[in-house]
Amino acid sequence: MKQVLFQHGTLALLVPGLLAGTMSIGELLQHGDTGIGTGAGLDGELIILEGNAYQINGQGQVRQVPADFTVPFADVHQAAYQDVTTLAQLSQTQTYQRLEQLVKAPNTFYSVKINGSFQMMHTRAAVKSTPPYKTLVATAQQQQEFTAHNVTGTLLSYYSPQLFHGAAVAGFHSHFLAADHSMGGHVLDFVLTKGQVQVQVFDTFEQHLPIADHDFMQHDFSHDNIGADITTAE
Ligand SMILES: [Zn+2]
């Protein structure tokens, strides 16, 4: 059976500020029950778990979003994870190194889900902006950061090969949701106390583009600093 990662939009289109919502959550959920993304105008961070889409907004509040909530960018897939191992007492860098050693798939996309406890979790959430939108780097400067200690929850990561930096973020892109929904967001740093690691490797990357969006279709990307700006903002 094909293992498909479905991506709506690209990180590259966020760089010049093409932040309009171009797919609804309702439609996105038809492509998977698990995922990450952001809302229109970088309206917070999204994490989709077991078919429920949650938003961590710029104030750090968590809520389940309705089917008509729209996104400029999201990754989703149908969860079919394999249990791999338990990891404990690792920094973010150490965790990602161990995952790369365990999965051994640097040239394809895969997802990692870690359910566990974290001694420290440091996240950010973008703050919604309104049209006319600014660039990704300018909009990301409005982000708020949050830190929790001894928090239990789910870390959901997508690994993308270096070759796809621009369409996605090369390496791991992780979002977090606390089990009690007290915090979450785009992950900046963490210390893992102990967690159960699940992995799903994809053989198919389905890239969906917002061709009904006039601004996207007309935009000239030739002067945008795609790779560097994604590295700065993400
Ligand atoms: Zn993110």
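Above this text you will find the structure in question.
It should be emphasised that the depicted structure is a prediction, and the values quoted were computed from it without experimental measurement.

A few words now on the overall build of the protein chain. In terms of regular secondary structure, the protein chain is built from six helices and 14 strands. Radius of gyration (C-alpha) of the protein chain: 16 Å, near the 17 Å computed for a compact globule of 234 residues. For the protein chain, the spread of C-alpha atoms along the principal axes amounts to about 50 × 40 × 35 Å. In the protein chain, once contacts between residues fewer than 6 apart in sequence are set aside, the share between residues at least 24 apart is 78%. Accessible surface computed for the protein chain: about 10400 Å², of which carbon and sulfur atoms make up 48%. Here the protein chain carries 9 positive and 20 negative side-chain charges, and the mean point of each set is 8 Å from the other.

Within the open sheet, the seven strands sit side by side as E6-E5-E4-E3-E8-E1-E14. Their pairing is mixed. Because the sheet does not close on itself, it has two edges, and the strands there are strand E6 (62–64) and strand E14 (204–208). With strand direction ignored, the average angle separating the axes of adjacent strands in the sheet is 15 degrees. Examined bridge by bridge, strand E5 (residues 52–56) and E6 share three bridges and lie antiparallel to one another. When the sheet's bridge partners are listed, glutamine 55 is paired in E6 with arginine 63.

Attention now moves to the packing of aromatic side chains. According to the stated counting rule, one finds 12 aromatic pairs in the structure shown. Consider the rings of tyrosine 96 and phenylalanine 190, whose centres lie 6.0 Å apart with planes at 75 degrees: the pair is edge-to-face. Linking tyrosine 96 in helix H3 (residues 92–103) with phenylalanine 190 in strand E13 (residues 184–201), this pair joins segments that are 94 residues apart in sequence. Take tyrosine 96 and phenylalanine 190: they sit in the same class, and that class is buried. Ring geometry for phenylalanine 164 against phenylalanine 205: centres 5.6 Å apart, planes inclined by 75 degrees, an arrangement best described as edge-to-face. Placement of phenylalanine 164 in the loop between strand E11 (144–160) and strand E12 (171–178) and of phenylalanine 205 in strand E14 is noted, with a sequence separation of 41 residues between them. Phenylalanine 164 gets classed as partly exposed once you look at its relative accessible area, which sits at 26%. Through a chain of ring-to-ring contacts, the aromatic side chains of Tyr96, Tyr110, Phe118, Tyr159, Phe172, Phe176 and Phe190 assemble into a single cluster.

On to a nonpolar patch on the surface, then. Taken together, the side chains of Leu209, Ile211 and Met217 define a hydrophobic patch exposed on the protein surface, amounting to about 300 Å² of accessible area. Secondary-structure assignment places methionine 217 in helix H5 (residues 214–218). Judged by relative accessible area, methionine 217 falls into the partly exposed class, the value being 46%.

With that out of the way, let us pick up the coordination of the zinc ion. For the zinc ion, the full set of protein donor atoms is His173 (NE2), His175 (NE2) and His186 (ND1), and the range of their distances to it is 2.1 Å. In primary-sequence terms, the residues that donate to the zinc ion follow H-x1-H-x10-H. One end of the pair, histidine 175, is in strand E12; the other, histidine 186, is in strand E13, with 11 residues separating them in the sequence. Each member of the pair, histidine 175 as well as histidine 186, is classed as buried.

Criteria and cut-off values
- Residues numbered from 1 in each chain as written.
- Predicted model: local features only at pLDDT ≥ 70, side-chain atom pairs only at ≥ 80, totals over all residues.
- Heavy atoms only, no water.
- Helix = DSSP H or I, 4+ residues; strand = E, 2+ residues; numbered from the N terminus.
- Rg over C-alpha atoms; globule rule 2.2 N^0.38 Å.
- Contact = heavy atoms within 4.5 Å.
- Areas by Shrake-Rupley, 256 points an atom, 1.4 Å probe, with all protein chains shown as cover.
- Lys, Arg positive; Asp, Glu negative; His and termini not counted.
- Charge placed at Lys NZ, Arg CZ, Asp CG, Glu CD.
- Pairing = 2+ DSSP bridges.
- Axes fitted to C-alpha atoms, helices over the stretch in contact; angles between N-to-C directions.
- Phe/Tyr/Trp six-rings, centres within 6.5 Å; stacked < 30°, edge-to-face > 60°.
- Buried < 20%, exposed > 50% of the residue type's maximum accessible area, 1.4 Å probe, protein only.
- Patch = residues over 30% accessible without salt bridge, like charges linked within 9 Å, V, L, I, M, F, W, Y side chains within 5 Å.
- Salt bridge = Lys/Arg side-chain N within 4 Å of Asp/Glu carboxyl O.
- Donors = N, O, S within 2.8 Å, 3.2 Å for Na, K, Ca; no water.

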